[in-house]
Amino acid sequence: MRRQRPTLIAVSTLIAITLTTAAPTPANAAPPEQVTALTAHQADGYTTLAWQPVDGATDYQIERTPVDADNTPTGVPTIVGIWRPNRQINQHAPTFADAGYNPGDTFQWRVRARTGTTEQPYSDPVTATTTAPWGNPATPGEQLRTGWETTHAAQYTSDTDEYAYTAAIDALSDRVRVVELGRTVQNRPINMMVIGHPTPAATPEAVAATAPVAINCNVHGNEPGDREACLIMARQLAFSTDPRITDLLSNTTVLIVPTINGDGRANNTRGNSTGQDLNRDYSLIRQPETTAYIRMVRDYRPVAGYDGHEFGNSRAGDLPMLPPRHQNVAQPIFDQSQDMIEGHMYAKGAEAGWWACPYGCEGGGNVGLSEETILRNTLGLKNVTNSLLELRSSGGQTRPDEGNTANNRRRKTYSALWTFQQFLDYHRADRADILTARSDAIESQAANTGRLVFRGSRPIPAHPAPHPGDSPPPLDAPPADLILDNAPCAYKLTDAQYNGARTDGPGGVGTTVAQRIAAHGWKVIKTGDGYYVPLNQPERGLIPLLLDAKGVEKLTDGERVYPTLTGRRNGPLTVTGFTCADDATINGPVTVRAGAALVTTATTISGPVSATRAAGVLLADTTVNGPLQITSTTDAISIIDVTIAGPVNLSGNTTGTDAPVLAGTTIRGPLNCTGNNPAPTNLGIANTVHGPRTTQCAAL
Ligand SMILES: [Zn+2]
């Protein structure tokens, strides 16, 4: 459900006052240079001022004066905002979100146009009492406040305050379950609030089935504004009876990680306690903090995300945002993320008065590039629609009253709160499109087609004028030596590469490549001569960045394995070792021997496919004109976007902790799944089965 355009209040009364006290000119005879129809709409932590535009105005100044209950000024009038044309996409209805005051206080606002440097007359004033911090102080649960709120933004919420606050929400709200994802290097808990209505789904797999959304609130410890917004929003989600909130939580699960970098937050440092910038570690996952988050993504499968930051360019917009740009991110995920930013946030920002813009806008520099180590790109490579959020850390030229530190902090936090609430509304309204983008992305990734790029971003064209900010981030085209036109079928790792000890973690103790691949959730097949990581998997764009010799920040130099079977082949095929078929037509029965592996893309098999005690069977973008029988597999099963005549039988497969995947597949006969441990999953991408389905596959 999308928000209504802010309603305009407090106008009629003030116009009436003006009319009775104004000079005896006609009521509609305001000079044309004077702002008219000023309104003030209250929301959580900010006030949306809206007015009629003045012809020829180059910008507007927003003035705020504190007043008492009798509308008598209690302080000096202050210019708190400068409205410029590039801050919103529609110029006919200017708005400005004024924040940076103590919520609940009463103010008078006036707005005047400037023509060049010439100041035009102020509008008539509007007076209103701003919205107090959310939650009735007399209602259990609602009455909770963060350390930041109780100190009126003088102090950020401490680590221990956060744990107590989240534990209190957990105890008082059936909608919230707090889970510990892991521990920081210094042993602080990394908590996640799992929020649903009336209660959150019980297991990660059950949560995944709700198409959850994830907000990462604080990865850089010295950028705390988003975290305070997350903590406030968690209280609203936990206790609000607003039908919008209960509707949101009845249709998805909200995953909030307040502080992935608790050590950095406690010490107000960008990196963690080892100095590692965690937002350059989400692919390599050398650190326990990033490992915890990536395991969460694997298990809970969020379909959309936001990653909160602050940014030091004083000229930028209020809310610079950026989608996953790495060129290995599937096009549908890039497009959907852009739609969330430009289609939703720019439009809603223009209504609320917040200036969303591309990260790097207004001369923001060489930012927002293609490192797959950045969560924005890592999530995109994991087929998650998502965006970076960079709260402009200083007031800058457009918010001249933020020398007051507490007011500066309030603007940042309440603009983040607006963004995260809008994020939930976007997911609610565009859920079907988000899920379609995800399934299309997973199927195109698993098809393993197209070039691989080791570094390089998609261009972000400037939004058509009038646009929210200039200067989208630079092109960041991939250099020729970081492009691989001929993608391999798989990477082969030696035992030393796969299981060998590493020293790239904190204190020189690192997890193995095997453990990191498991954290990402990639399927691995062990045959007699090594460990194979096939590319016909949902995270095809990320795998080479960590396992190819060309990888800029890689784990190891895996051996590229190219297809061994292409073109037409007639007669029975017996698979031994590791066999990769691509763009092949196989006429005849296929038998996968014990310990062997079959990997296919863009292949048609006419005849039954049978695998008993195979190491792995990974089929994608393939047609099987016959039955498919996979029994007692030891390592990995993945069937994505495959058309099978059937029947299909998956039974007695024991694949460790890695569930068989059956997704986006059409089966023209029965589907039988029995005795598989773990049970198969469809990754949230439904299959079409024309015949009956048995227990383990009944819901696939
Ligand atoms: Zn940051």
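Residues numbered from 1 in each chain as written. Predicted model: local features only at pLDDT ≥ 70, side-chain atom pairs only at ≥ 80, totals over all residues. Heavy atoms only, no water.

Enquirer: Give a description of the coordination of the zinc ion that names residues and reports values.
Expert: For the zinc ion, the full set of protein donor atoms is H220 (ND1), E223 (OE), E223 (OE) and H309 (ND1), at a range of 2.0 to 2.8 Å. Every donor counted, the four donor atoms about the zinc ion form angles of 52 to 158 degrees at the centre, which fits irregular coordination. Going along the chain, you hit the donors of the zinc ion in the pattern H-x2-E-x85-H. You'll find H220 and E223 in the same group, each marked buried. (Donors = N, O, S within 2.8 Å, 3.2 Å for Na, K, Ca; no water. Tetrahedral: all angles 85-135°; square planar, octahedral: opposite > 155°, others 65-115°. Buried < 20%, exposed > 50% of the residue type's maximum accessible area, 1.4 Å probe, protein only.)

Enquirer: Tell me about the confidence of the model for the chain, and please be specific about residues and values.
Expert: Mean pLDDT over the chain: 94, with 96% of residues reaching 70 or higher. Of all helices and strands in the chain, the one with the weakest mean pLDDT is helix α1 (residues 11-21) (35), whereas strand β12 (residues 254-257) scores best (99). Contacts for the low-pLDDT stretch residues 1-26, under 50 throughout, to residues beyond four places or in other chains number 34 contacts. (pLDDT = per-residue confidence, 0-100. Helix = DSSP H or I, 4+ residues; strand = E, 2+ residues; numbered from the N terminus. Contact = heavy atoms within 4.5 Å.)

Enquirer: So, the side chain of T95: which residues are in play, and what are the values?
Expert: Relative to the elements of secondary structure, T95 occurs in strand β5 (residues 95-98). We classify T95 as buried; its relative accessible area is 1%. Contact partners of T95, with chain neighbours within four places excluded, come to T48, L49, A50, W51, W83, R87, Q88, G349, A350, E351, A352 and G353.

Enquirer: Run through unusual backbone geometry, naming residues and quoting values.
Expert: Of note, the bond from H197 into P198 is cis; its omega dihedral lies within 30 degrees of zero at 0 degrees. Note on placement: P198 falls in the loop between β10 (189-195) and α4 (204-208). Following G646, the chain continues into P647 via a peptide bond in cis, with omega recorded as 0 degrees. Along the chain, the position of P647 falls in the loop between β31 (636-644) and β32 (648-651). Despite not being glycine, N71 shows a phi value in the positive range, around 70 degrees.

Enquirer: Got a sec to walk through the pairing of β31? Specific residues and values, please.
Expert: Here β31 lies mainly inside the structure; seven of its nine residues are buried. Pairing between strand β29 (residues 616-625) and β31: eight bridges, direction parallel. Note that in β31 the partner of V617 across the bridge is I637. Of the strand pairs in this sheet, β31 and strand β33 (residues 661-663) are connected by three bridges, and their pairing is parallel. Each bridged residue has a counterpart across the sheet, and for I640 the counterpart in β33 is A663. (Pairing = 2+ DSSP bridges.)

Enquirer: So what's going on with the sheet that holds strand β21 (residues 530-534)? Residues and values would help.
Expert: Spatial ordering of the open sheet is given by β20-β21-β19-β22, a layout of four strands whose pairing is antiparallel. Whereas interior strands pair on both sides, the edge strands pair on one side only; in this sheet they are β20 (525-527) and β22 (559-561). Averaged over all neighbouring strand pairs, the angle between strand axes comes to 35 degrees, with direction disregarded. Strand direction decides the pairing type here: strand β19 (residues 490-493) and β21, joined by four bridges, are antiparallel. Bridge pairing links A490 to P534 in β21. (Axes fitted to C-alpha atoms, helices over the stretch in contact; angles between N-to-C directions.)

Enquirer: Describe the packing of helix α8 (residues 288-300) against helix α13 (residues 513-520), and please don't skip the residues or the numbers.
Expert: Close contact between α8 and α13 brings their axes to 7 Å; oriented N to C, the two are set at 45 degrees. Relative to α13, the element α8 is oriented oblique. Contacts between α8 and α13 involve T291, I294, R295 and R298 from the first element and A518, A519 and H520 from the second. In terms of residue class, the contact of α8 with α13 is built from three nonpolar, two polar and two charged. (Parallel < 35°, antiparallel > 145°, perpendicular 65-115°, else oblique. Nonpolar A, V, L, I, M, F, W, Y, C, P; charged D, E, K, R; others polar.)

Enquirer: Which residues make up the nonpolar core, and what are the values?
Expert: Grouped together as the largest cluster of nonpolar side chains are 56 residues, with contacts concentrated most on I195, L237, I256, Y306, F420 and F423. The element best represented in this core is helix α11 (residues 405-446), accounting for ten residues. One finds V592, I605, I630 and I667 within the second-largest nonpolar core, a separate group that totals 32 residues. (Core = buried A, V, L, I, M, F, W, Y, C linked by side-chain atoms within 4.5 Å.)

Enquirer: Let's hear about the packing of aromatic side chains: which residues, and what values?
Expert: Enumeration over the complete set of coordinates arrives at 13 aromatic pairs. Ring geometry for Y101 versus F107: centroids 5.2 Å apart, planes at 50 degrees, classification tilted. Of the two residues, Y101 and F107, both sit in the buried class. Between the aromatic rings of F107 and W109, the centroid separation amounts to 5.9 Å while the plane-to-plane angle is 55 degrees, which identifies the pairing as tilted. Relative accessible area serves as the criterion here: at 6%, F107 is assigned to the buried category. Relative accessible area serves as the criterion here: at 0%, W109 is assigned to the buried category. Aromatic ring contacts, followed pair by pair, group W51, Y60 and W83 into a single cluster. In this structure, R110 is placed above the aromatic ring of Y122, and the distance from its NZ or CZ to the ring centre is 4.0 Å. (Phe/Tyr/Trp six-rings, centres within 6.5 Å; stacked < 30°, edge-to-face > 60°. Lys NZ or Arg CZ within 6 Å of the ring centre and 35° of its normal.)

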